[in-house]
Amino acid sequence: MNPRAALPIYQQLVDQVKSAVASGMLQPGQQLPSVRELAGELAINPNTVARAYSILEAEGLIQRRQGAGTYVAEKPQHKTNLDTLERKLDEFMVEAYHQKIDARTLRQLLEQALLRWKIEEVD
């Protein structure tokens, strides 16, 4: 967590969990630390962790089990939020613009990322 970053801490935590799930570092069914444990580990307010967990639960990436803890969802819901993706893509394009990256290089980067993440076209 970077307290000096532009993104709020809860959003950084959400993004890190999403990345860990997408990369396989966190597996379906794997238990996550409790709110108190993670807050203590990261030296942040427990309400910040609770907020991040609530967002992740609403997005279908984690499940809270009463009395048993919080787990990575067995079958993530993959709720589509194109507004969020569009905003992040715009942020990426601003950075590419300032680095003077041409359209051909951007397409290559996207193709490489699609291959790396094994994202296929849907008919």
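Notes on the structure in this doc start here. Within every chain, residues take consecutive numbers counted from 1 along the sequence as written. In keeping with the predicted nature of the model, local features appear solely for residues at pLDDT of at least 70, side-chain atom pairs appear and are counted solely at 80 or more, and the whole-chain, interface and lining totals rest on all residues. Side-chain numbers come from the whole structure's heavy atoms, not from hydrogens or water.

1. A look at the overall build of the protein
Secondary structure is summarised from DSSP: a helix means a run of H or I of at least four residues, a strand means a run of E of at least two, and numbering begins at the N terminus for each. Helices and strands together make up the secondary structure of the protein, namely 5 helices and 3 strands. Throughout, exposure labels follow a simple rule: accessible area from a 1.4 Å probe, protein chains only, divided by the maximum for the residue type, with under 20% read as buried, over 50% as exposed, and the rest as partly exposed. Looking at the protein as a whole, 22% of its 123 residues are labelled buried. We call two residues contacting when some pair of their heavy atoms lies within 4.5 Å. In the protein, the proportion of contacts linking residues at least 24 apart, taken out of those at least 6 apart, comes to 44%. Here the accessible surface of atoms and residues is derived via Shrake-Rupley with a 1.4 Å probe, and residues count as covered only by protein chains that are part of the display. Accessible surface, the protein as shown: approximately 9,500 Å² in total, 53% of it carbon and sulfur.

2. Some words on the pattern of salt bridges
The term salt bridge refers to a side-chain nitrogen of Lys or Arg lying within 4 Å of a carboxyl oxygen of Asp or Glu. Applying the stated rule across the entire model yields 4 salt bridges. With a shortest N-O distance of 2.8 Å, Glu59 and Lys18 are connected by a salt bridge. Placement of Glu59 in the loop between α3 (46-58) and β2 (62-65) and of Lys18 in helix α1 (residues 9-23) is noted, with a sequence separation of 41 residues between them.

3. Observations concerning the packing of α1 against α3
Working note: a packed helix pair is described by the angle between its axes plus the distance between those axes. Remark: α1 packs on α3, axes separated minimally by 8 Å, with the N-to-C direction vectors making an angle of 45°. With respect to their mutual orientation, α1 and α3 come out oblique. Of the two possible hands of crossing, α1 and α3 adopt the one that is right-handed. Facing Ile9, Tyr10, Leu13, Val14, Val17 and Lys18 of α1, the residues of α3 in contact are Thr48, Val49, Arg51, Ala52, Ile55 and Leu56. Taken together, the residues that form the contact of α1 with α3 break down as 9 nonpolar, 1 polar and 2 charged. Axes here refer to lines fitted to C-alpha atoms; in helices the fit is confined to the stretch in contact. Angles between the N-to-C directions go from 0 to 180 degrees. By the definition adopted for this analysis, an angle is roughly parallel if under 35 degrees, roughly antiparallel if over 145, roughly perpendicular if from 65 to 115, and oblique otherwise. Take the far helix as your reference; a near helix turned counterclockwise from it by less than a right angle gives a left-handed crossing, and one turned clockwise gives a right-handed crossing. Each residue receives one of three labels: charged for Asp, Glu, Lys and Arg, nonpolar for Ala, Val, Leu, Ile, Met, Phe, Trp, Tyr, Cys and Pro, and polar for the others, Gly being one of them.

4. Focus: the pairing of β2
At least two bridges found by DSSP between two strands is the condition for calling them paired. Note that β2 and strand β3 (residues 69-72) share 4 bridges and pair antiparallel. Along β3, the bridge assignment pairs Arg64 with Thr70. Taking the residues between adjacent antiparallel strands as the criterion, β2 and β3 are bridged by 3 residues, where Gly67 takes a positive phi near 75°.

5. A word on the pairing of β3
Pairing of strand β1 (residues 31-32) with β3 involves 2 bridges; the strand directions are antiparallel. Within β3, the residue paired with Gln31 across the bridge is Tyr71.

6. Points about helix α4 (residues 82-98)
One less than the residue count of a helix, multiplied by 1.5 Å, gives the span that helix is expected to have. Its 17 residues give α4 an end-to-end C-alpha distance of 24 Å, which sits within 8% of 24 Å, the value for a rise of 1.5 Å per residue. Phi for Lys100, located one or two positions after α4, is positive at around 55°.

7. Observations regarding the nonpolar core
Nonpolar cores were defined as sets of buried Ala, Val, Leu, Ile, Met, Phe, Trp, Tyr and Cys residues, with membership established by side-chain atoms within 4.5 Å. Core analysis: the largest hydrophobic core is formed by 18 residues, its most contacted members being Leu26, Val49, Tyr53 and Leu56. Among the secondary structure elements, those contributing two or more residues to this core are α1, α2 (35-42) and α3. No other element matches the 6 residues that α1 contributes to this core. Sequence-distant contacts of Leu56, that is, excluding residues within four places in its chain, are made with Val14, Val17, Lys18, Leu61 and Ile62.

8. Regarding the packing of α2 against α3
Contact geometry of α2 with α3 gives a least axis separation of 8 Å together with a crossing angle of 120°. In terms of axis orientation, α2 runs oblique to α3. Like other packed secondary-structure pairs, α2 and α3 cross with a definite hand, here right-handed. Of the residues in α3, those in contact with Val35, Leu38 and Ala39 of α2 are Pro46, Val49, Ala50 and Tyr53.

Honestly, that's just the spatial picture; any functional story needs more than this.
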